[in-house]
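Secondary and tertiary structure notes
Residue strings, one per chain:
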Amino acid sequence: MQPLEPNRAPRALSRPLRTSADSSRLKSRSLSTNSLSTDSLSTSSIHASAEPAAAIPSSPIFHSSAISNAQSSSPITNTFFRDSLISLLLFLLLSEWLRPLAWMADASIQIGPILVVFATCIAIDCFKVPYVWGWTAKSVIILLFIGFMFDREGFLTGAWIIDLVRIISQDLVQIVQAHFDLISGQMRTLLFLLGWSLLISVVQALMLQRQHSLWFVAATLIYLVFLQLVLGADTVQGIMRTIGYGLLLLSLLNLSRIEQTYGITSVRSGGVFQWIVVSLLVVSALASVGWYSARQAEPTPLMKPVSWAYVYDRIFELYKEDTGAKGAFARSGYGQDDSSLGGPLQVDTTPVFTARTSELTYWRGESKSFYDGKGWTEPNQTLEPYVSTNQPVTDQSVMQEILWNTKSPNNQLFVGGKLLSVDMLLSEKGKPLTPSSLLTSKSNGKVTLPEIMDPLSYYKITIQPVQEDPSVLNTDMGSYPSDITGEYLQLPAALPRSVRSIAEQVTANRLTPYAKAVAIEQYLSNTYTYSLEKPTHPSRNEDFVSHFLFVDRTGYCDHFSTSMVVMLRSVGVPARWVKGFAPGTLLASSNGDGLKEVMVRNQDAHSWVEVYFPSMGWVPFEPTPGFSRISSDHPRETLTTAAMEQAAMTASLMNIPASTKFATNPSEWLHATKDKIVNFAKPYREAFIVLIGCCLLLVGVFVLLRRKGFLVNTLLYFPNYKSQQGNSHPMTPYMDRLWMQLFRKYGAKPANLTVREYVTTLNFNDQRQKQALLEFALIYESVRYDTANSLTYTKREITTIWKAIQKTH
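What this report covers is the structure whose coordinates are included nearby. Every value quoted in this text rests on a predicted model; they were computed, and no experiment measured them. (Residues numbered from 1 in each chain as written. Predicted model: local features only at pLDDT ≥ 70, side-chain atom pairs only at ≥ 80, totals over all residues. Heavy atoms only, no water.)

**Overview of the environment of A804**
Put simply, the test is: Going along the chain from the N terminus, every DSSP run of H or I of four or more residues is numbered as a helix, and every run of E of two or more is numbered as a strand. A simple rule labels every residue: compare its accessible area, found with a 1.4 Å probe on the protein chains alone, to the largest value its type can have, and call it buried under 20%, exposed over 50%, or partly exposed in between.
Within the secondary structure, A804 is located in helix α27 (residues 795-806). Among the residues examined, A804 registers a relative accessible area of 7% and is labelled buried. Spatially, the C-alpha atoms of A804 and A772 are 9.4 Å apart, while their sequence positions differ by 32 residues.

Okay, structure coming up:
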């Protein structure tokens, strides 16, 4: 065997080692002039009595033979038994990589034969078959596998060998010509198995020789979790098995390290076997707990696939924040898409229709019931042919005529109450239409013509406005039908707890649904301000109502009406969102028929709330400040005292009610705390992202520098000696960092021990390891404490020696 630095000329010290009081141990020992490849260091060469110091040997101390076969002195039986178990666990981990292949690619894929090939390759390396013979056997097994898989009928005859040689030759030509799409299945399988065989050989060598397994277990877990979360594969059982295999591997591979670190040695012949049995029992217990927990969680999946839409929204929210949308103003008017509400509005004064009515009413278009945190949709909109109720006209009936503006054609009817009859319909071309041509939705009250028909230009209807009786409604405590509660108590699962909490406090002293509705209506209209320009868009993952109540605190009808519906549903009162037009601008009164003429413009587009009561059905409410009541005969102020004690209520609600004690209601406390943190951090989110990134970067740099030994105070480890030359050897800091790596692996060195004494306290399976480290300690002591007389070792030489020693650990 050649020295580690064969081309380096021998060097000798120019003068003897200088002695000092602080280096008495260095003075009392003599260095062996023989390399470790010859006789081992004698005990007297390390712990001899005081003698004149000998010279450092002029040739490199370490030879490669001194650090080879680190485990040769280990008991053969225990080593083979442990290696076999580690190889078995490696095979089980590899099987977890192959199990999902059939799910990802093709159900016809058979992983059994592939696992046989893998098991054979692992067994060859486990029995330490010579390199050339081992890979020859692996290649033959792979070729036999390919022949069996692609030509099972002619496998025994051997005819597949000629075909395989021909196919591989053709594939090599295709590879040279970069026609990778024309490569055969045999060649793809060959490359696949060869690649995996190389990987298996490397992984197995790292596990058996270097005792490194955590990285492969972690890679397997990441692979299975990726398949579960990203591709939707069911890998929960595989993850649990992998964790069990990983724990067993760690227990096997760390046994020797535990023995070395804590000085524990198995005195019984079956010590290793007992360790394995105990480890197996512990892992089995943990696996049983995990399996039982998984069974208890069924049928709910433990992990759901990642919602890429949600991830995109989060990224978009953090880095773009809808900056382009926030600067744009939408125009007021009646639209069909209400799935995304919010943002400023620009007033549009374009006339929509002119109406003549005996009573000023809101012009109802339709209602919507499903709120998703951003806006409203109507999932159950089924249109059916309109059928007239033929109810008799009473004194409470209202006649209404609507003449559409020529620039605003529309197929939809806007009505001021319950539709009793349709008296006349005219198309845009002046053609009379029959009421039977209309379509209506029972769920949301929309009345319209089919899309294929000409738009309306005029219609005349008879309606009955909603007449509410507060005394009746305030005593209505009847139960709700199941279809009402199922549809009109819906709320998004991610609705912030703060929204529910504020609704509960507003209605805390209200016993009836009607009193709760009035309380929320008046709270919104008296607490928040009306504005078309100031509202901002909520972020893509922020709730629209929460943004209005706690961020903007100003808005228009969509904000107030949506908030009231959500708050009512939060306290168990069925409600729905309604849109249409406000009464409009009064133009004149007719001379003889008593009808009032009003002009309705785009700026009059409006939304409000309807609340369900078992005794009367749907009753409208108006939470938007500045708008008149929908019905003129409901004296709601009689239900309040001192205007709902507005000042006291506002003062208490401004702080977002929440439980202040964790022990009282842990869930509510956590939700409230989370909302407070989010609301506080939201204005500074960019600064927080930069701060978090800088902190992670600093932590990474700190860990890296500490691992390299740059941030370690060497005086804590080497306090007994100090260089008296005033200038230290240039290799001293570097060698200090190398020793720090050893201390992290085997434990810190006590301050009262020298590095040689520290090495002698360590337990190694092979004494050559200890001898190599003792020689390195001698070099280190001469470099650190006797700079003038030490050999001028280079960093490359020190690194080569250290890496060679590390290979034996």
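Having seen the structure, we can now continue with the description.
**What about the environment of T507?**
Rules: Contact between two residues is taken to exist if any of their heavy atoms lie within 4.5 Å; hydrogens are not considered.
Tracing the chain through its elements places T507 in the loop between α17 (497-506) and α18 (513-527). Apart from the residues within four sequence positions on either side, T507 is in contact with K516, I520 and V571.

**A few points about the side chain of S561**
The condition that has to hold: Under the rule applied, a polar contact is a pair of N or O atoms within 3.5 Å (in protein, one hydrogen donor and one hydrogen acceptor; residues adjacent in sequence only if both atoms are side-chain atoms).
Within the secondary structure, S561 is located in helix α20 (residues 557-570). A polar contact of 3.5 Å, which involves the side chain of S561, links it to the backbone oxygen of D558. Filtering out sequence-adjacent residues up to four positions away, S561 remains in contact with W577, S607, W608, V609 and P623.

**As for helix α7 (residues 159-176)**
Rules: The span expected for a helix works out to 1.5 Å for each residue beyond the first. Within this analysis, the arc is defined by the directions that extend from the helix axis to the C-beta atoms.
Taking 1.5 Å as the rise per residue, α7 with 18 residues should run 26 Å; its terminal C-alpha atoms sit 27 Å apart, in good agreement. Along α7, the residues classified as buried are W160, L164, I167, I168, D171 and Q174. Seen along its axis, α7 keeps its buried residues to an arc of 115 degrees; they face one direction. Across α7 from its buried face, at more than 90 degrees, point the exposed residues I162, V165 and V176. Tucked inside the fold, the buried residues of α7 contact α6 (131-150) and α8 (185-209). Positive backbone phi, at 65 degrees, marks A178, one or two positions downstream of α7.

**Section: the packing of aromatic side chains**
Formally: Only the six-membered ring of Trp is used, alongside the rings of Phe and Tyr, when aromatic pairs are assigned; centres must lie within 6.5 Å, and planes under 30 degrees apart are stacked while those over 60 apart are edge-to-face, with the rest tilted.
All chains considered together, the criterion is met by 27 aromatic pairs. Taken together, a centroid distance of 5.7 Å and an interplanar angle of 85 degrees make the contact between F353 and F581 edge-to-face. Residue F353 is located in strand β3 (residues 351-357), and its partner F581 is located in strand β16 (residues 575-581); the two are separated by 228 residues in the primary sequence. One exposure class covers both F353 and F581, and it is buried. One aromatic cluster in this structure is built from W97, F118, F192, W196, W215, F216 and Y223.

**What to know about the sheet that holds strand β9 (residues 412-413)**
Short version of the rule: Strand pairing requires that DSSP identify at least two bridges connecting the strands.
With antiparallel pairing, four strands are arranged side by side in an open sheet as β7-β11-β12-β9. Edge positions in the sheet fall to β7 (383-385) and β9, since each of these pairs with one other strand and no more.

**With respect to a nonpolar patch on the surface**
In plain terms, the rule: Nonpolar side chains (Val, Leu, Ile, Met, Phe, Trp, Tyr) are joined into patches within 5 Å and like charges within 9 Å, using only residues with over 30% relative accessible area and no salt bridge. Shrake-Rupley sampling with a 1.4 Å probe provides the accessible areas, and residues are treated as covered by the protein chains on show and by no other component. Salt bridges are defined as contacts in which a side-chain nitrogen from Lys or Arg sits within 4 Å of a carboxyl oxygen from Asp or Glu.
A contiguous nonpolar patch, built from I243, L247, V278, V282 and L286 and spanning about 420 Å² of accessible area, is present on the exposed surface. Relative to the helices and strands, L247 is located in helix α10 (residues 236-253). Note on L247: relative accessible area 33%, which makes it partly exposed.

**Notes on the nonpolar core**
Grouped burial of nonpolar side chains is what soluble globular proteins tend to show. Applicable threshold: Throughout, nonpolar core names a set of buried Ala, Val, Leu, Ile, Met, Phe, Trp, Tyr and Cys residues whose side chains join them through atoms within 4.5 Å.
In this structure, L90, L94, F118, M207, F216 and L249 are the most contacted members of the largest nonpolar core, which totals 41 residues. If you list the elements that add at least two residues to this core, you get α3 (76-98), α5 (111-126), α6, α7, α8, α9 (214-231), α10 and α12 (271-297). If near-sequence neighbours (up to four positions away) are discounted, L90 is found in contact with I122, I200, V203, Q204, M207 and F216. Membership of the second largest hydrophobic core comes to 38 residues, among which are A503, F550, M564 and V609.

**Section: unusual backbone geometry**
Of note in this structure, K128 is not a glycine but carries a positive phi near 55 degrees. In this fold, K128 is placed in the loop between α5 and α6.

**Describing the pairing of β3**
Relative to strand β18 (residues 596-601), β3 runs antiparallel, the two sharing six bridges. Counterpart to P351 in the pairing with β18 is R601. Of the pairings in the sheet, the one linking β3 to strand β8 (residues 398-404) comprises five bridges and is antiparallel in character. Paired with T354 across the strands is L403, a residue of β8.

**Let's talk about α20**
In this model, α20 (14 residues) spans 20 Å end to end at C-alpha, consistent with the 20 Å of a helix rising 1.5 Å per residue. Burial analysis of α20 places 14 of its 14 residues in the buried class, the great majority of the element. Just downstream of α20, G572 is the residue with a positive phi angle, here 85 degrees.

**A word on the pattern of salt bridges**
Inspection of the entire model under this criterion finds twelve salt bridges. Measuring nitrogen to oxygen at the nearest pair gives 3.5 Å for the salt bridge that ties R99 to E96. R497 is the salt-bridge partner of E504, the closest N and O atoms lying 3.2 Å from each other. Using a relative accessible area of 35% as the deciding quantity, one classes E504 as partly exposed. Counted as one network, the salt bridges with shared partners bring together E96, R99 and R241.

**Topic: the sheet that holds strand β20 (residues 617-621)**
To keep things clear, this is the line we draw: Angles shown run from 0 to 180 degrees and are taken between the N-to-C directions of axes, each axis being a line fitted to C-alpha atoms and, for helices, limited to the stretch in contact.
In space, the four strands of this open sheet follow the order β4-β16-β19-β20, with antiparallel pairing throughout. Only two strands of the sheet have a single partner each, and these edge strands are β4 (363-368) and β20. Each strand of the sheet is rotated relative to its neighbour by a mean of 35 degrees, with strand direction disregarded. Across seven bridges, β16 lies against strand β19 (residues 605-613) in antiparallel orientation. Each residue of the ladder has a partner; that of R576, found in β19, is E610. The sheet contacts of α18 involve β19 and β20, and relative to β20 the element is tilted by about 25 degrees. Packing against the sheet, α20 makes contact with β16, β19 and β20, and its axis sits at approximately 15 degrees to β19.

Everything listed here is a matter of coordinates, which is why it stays silent on function.
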